[in-house]
Amino acid sequence: MYLEMNELACGCRRQWKIDVNESIDIFSLAINKIKNLTIVFKKMDDELSGACLKLEKENIIFINSGHRKGRQAFTIAHELYHLKYDKNNFNVCGLNSDDEIEKRADLFASCLLMPHGAIETYKLNNNIEKWDLDSIIDAEQYFQISHQALLWRLRHFLNEITYEQYMIFKEDVIRNASIRGYDLSLYTPYLNKEYLTIGNYIKLTEKAFKNDLISQGRKEELLLDAFREDIVYNLNDDKSF
Ligand SMILES: [Zn+2]
């Protein structure tokens, strides 16, 4: 199943014209490549990672806003599997991870963020013969994948670390990343917001207003429903860069 899902993920990258060895920012890429996609970050029980809903013309991905950015990236990639390849129109993910489709979606996600060939190239370019904590943290930062997802891949699908190493490496990632000079955004929720909507919903609201289909008041209501006070009240600092 691993190579099959890798092939599917690489096919998706080819369709998006993304080189197989490149590291991707799945948050902006998903919105850029899937025109009718809206991503909603919201508070959920910790064991839930996300959900997705396919409507006739719209796709919505829900992400647990309390999880770390690396895990959220993995969840977006996982939900993309459901949107693209699963015939169910609604999925809630995180509880039945032993389910066959869930396993496929997880593998697809792992391979979309970090294709098999990309790991091989990365190892070659960085002279990695055996993984240690330094090379693991460098690699997860490069691919913007969660620490857990990288360890899971190295342990279970590539067999490149032992169970003992897995148990040692999984501890204290935040401290281990910070003493290696990295910022902690990968280990912090995306934009640190409990509720946030990005993607097509925002674009459509603006478009409906521009085309006189909705009033200013209605536009603001719709944006506030989507937790976008920042747009309504112009709270984003656009002056500095
Ligand atoms: Zn799922």
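Scroll up a little and you will see the structure.
Attention here is on the structure that accompanies the text.

Calculation criteria
Residues numbered from 1 in each chain as written. Predicted model: local features only at pLDDT ≥ 70, side-chain atom pairs only at ≥ 80, totals over all residues. Heavy atoms only, no water. Pairing = 2+ DSSP bridges. Helix = DSSP H or I, 4+ residues; strand = E, 2+ residues; numbered from the N terminus. Axes fitted to C-alpha atoms, helices over the stretch in contact; angles between N-to-C directions. Contact = heavy atoms within 4.5 Å. Buried < 20%, exposed > 50% of the residue type's maximum accessible area, 1.4 Å probe, protein only. Arc of directions from axis to C-beta. Parallel < 35°, antiparallel > 145°, perpendicular 65-115°, else oblique. Nonpolar A, V, L, I, M, F, W, Y, C, P; charged D, E, K, R; others polar. Salt bridge = Lys/Arg side-chain N within 4 Å of Asp/Glu carboxyl O.

Turning to the sheet that holds strand E4 (residues 90-93), a few remarks are in order. Each strand in a sheet pairs with another by means of backbone hydrogen bonds, the pair being arranged parallel or else antiparallel. Strand order in the open sheet formed by 5 strands is E4-E2-E3-E1-E5, with mixed pairing between adjacent strands. Two strands bound the open sheet, and with one partner strand each, they are E4 and strand E5 (196-199). Between one strand axis and the next, the sheet turns by 15° as a mean value, whatever way the strands run. Bridge count for strand E1 (residues 37-42) against E5 is 4 bridges, and the pairing is antiparallel. Across the sheet, the residue bridging to Thr38 is Gly199, located in E5. Sheet strands touched by helix H10 (residues 200-210): E1 and E5. Its angle to E5, the strand with the most contacts, is close to 75°.

Let us now look at helix H11 (residues 216-225). For H11, every residue scored as buried is listed here: Lys219, Leu222 and Leu223. Considered in projection along H11, the buried side chains sweep an arc of 100° and stay on one side of the axis. Along its buried surface, H11 packs onto H10 and helix H12 (229-232). Looking at the residues trailing H11, positive phi occurs at Phe227, about 65°.

In this section: the environment of Tyr163. Assignment of secondary structure puts Tyr163 in helix H8 (residues 163-169). When its relative accessible area of 47% is taken as the criterion, Tyr163 is described as partly exposed. Taking the C-alpha atoms as reference points, Tyr163 and Glu47, separated by 116 residues in sequence, lie 24 Å from one another.

The next subject is the packing of helix H1 (residues 2-15) against helix H3 (residues 69-85). Two elements in contact, H1 and H3, have axes separated by 12 Å at closest approach and are oriented at 80°. In terms of their interaxial angle, H1 and H3 are classed as roughly perpendicular. Across the interface between the two elements, Met5, Leu8, Cys12 and Gln15 from H1 touch Tyr81, Lys84 and Tyr85 from H3. In the contact of H1 with H3, the residues fall into 5 nonpolar, 1 polar and 1 charged.

On to the side chain of Arg228. Here Arg228 shows up in the loop between H11 and H12. Overall, Arg228 belongs to the buried group, its relative accessible area being 12%. When neighbours within four sequence positions are excluded, Arg228 is seen to be in contact with Leu196, Thr197, Ile198, Ile202 and Leu223.

The alternating pattern of E4 places Asn91 and Cys93 on a buried face, while none of Phe90 and Val92, on the opposite face, is buried. Here 4 bridges tie strand E2 (residues 50-54) to E4, and the two strands are oriented antiparallel to one another. Bridge pairing in E4 links Cys52 to Asn91.

Turning to the pattern of salt bridges, a few remarks are in order. Following the criterion strictly, the structure yields 10 salt bridges and no others. Between Lys43 and Glu194 there is a salt bridge, and its shortest N-O distance comes to 3.7 Å. With Lys43 in the loop between E1 and E2 and Glu194 in the loop between helix H9 (173-178) and E5, the pair connects residues that are 151 residues apart, well separated along the chain. Classification of Lys43 by relative accessible area gives partly exposed; the value is 48%. The exposure class assigned to Glu194 is partly exposed, which follows from its relative accessible area of 45%. Between Arg104 and Glu100 there is a salt bridge; the shortest N-O distance is 3.5 Å. Placement of the pair is Arg104 and Glu100 together in helix H4 (residues 100-113), with a separation of 4 residues, close to one helical turn.

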